[in-house]
Amino acid sequence: RSRRGGTGNTGGAASSGMDAPSAAGLGGADPQLQRFIEVETQKQRFQQLVHQMTELCWEKCMDKPGPKLDSRAETCFVNCVERFIDTSQFILNRLEQTQKSKSAFSESLSD
């Protein structure tokens, strides 16, 4: 448990600190370098999501670790992962819709 708590806090702080400067400081950088950084940032975000999902589902589904995974815990993990993915997708879609509506609103004000 102590490893989980320390890793969760450190991962969030490191990712938020790295995303903003890399995006802001690369306005005139080499396009190949920009693409590389975008890909690496996507990988980092994916790893962070997997870490969050693992942490959440482990805490929710694993009562007491043992040599084998019982059927209740296995079902719980499957459901937890599916709900985590559904929720993440819903949030991304909602943010995308919000961004589109803001863009459309600002464009209508410009006209």
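Residues numbered from 1 in each chain as written. Predicted model: local features only at pLDDT ≥ 70, side-chain atom pairs only at ≥ 80, totals over all residues. Heavy atoms only, no water.

Trainee: Would you mind going over the pattern of salt bridges with me for this structure?
Mentor: Where charged atoms from two side chains of opposite charge approach closely, those side chains can pair. One pass over the structure, following the stated rule, counts 6 salt bridges. For Glu96, the salt bridge goes to Lys100, with nearest N and O atoms at 3.6 Å. Remark: Lys100 and Glu96 occur in helix α3 (residues 71-110); sequence separation between them is 4 residues, near one turn of the helix. Residue Glu96 is classed as partly exposed on the basis of its relative accessible area, which comes to 46%. By sharing partners, the salt bridges in this structure join Glu82, Arg83 and Asp86 into a single network. (Salt bridge = Lys/Arg side-chain N within 4 Å of Asp/Glu carboxyl O. Helix = DSSP H or I, 4+ residues; strand = E, 2+ residues; numbered from the N terminus. Buried < 20%, exposed > 50% of the residue type's maximum accessible area, 1.4 Å probe, protein only.)

Trainee: What is the right way to read the packing of helix α2 (residues 31-61) against α3 from this model?
Mentor: Geometrically, a packed helix pair is captured by the angle between its two axes and the distance between the axes. The contact between α2 and α3 brings their axes to 9 Å, and the two run at 140°. When the axes of α2 and α3 are compared, the pair comes out oblique. Crossing geometry of α2 relative to α3 is assigned as right-handed. Every residue of α3 that contacts α2 at Leu49, Gln52, Met53, Leu56, Cys57, Trp58, Lys60 and Cys61 is listed here: Arg72, Ala73, Cys76, Phe77, Cys80, Val81, Phe84 and Ser88. When the residues that make up the contact of α2 with α3 are grouped by side-chain class, the tally is 12 nonpolar, 2 polar and 2 charged. (Axes fitted to C-alpha atoms, helices over the stretch in contact; angles between N-to-C directions. Parallel < 35°, antiparallel > 145°, perpendicular 65-115°, else oblique. Left-handed = near helix turned anticlockwise from the far one by under 90°. Contact = heavy atoms within 4.5 Å. Nonpolar A, V, L, I, M, F, W, Y, C, P; charged D, E, K, R; others polar.)

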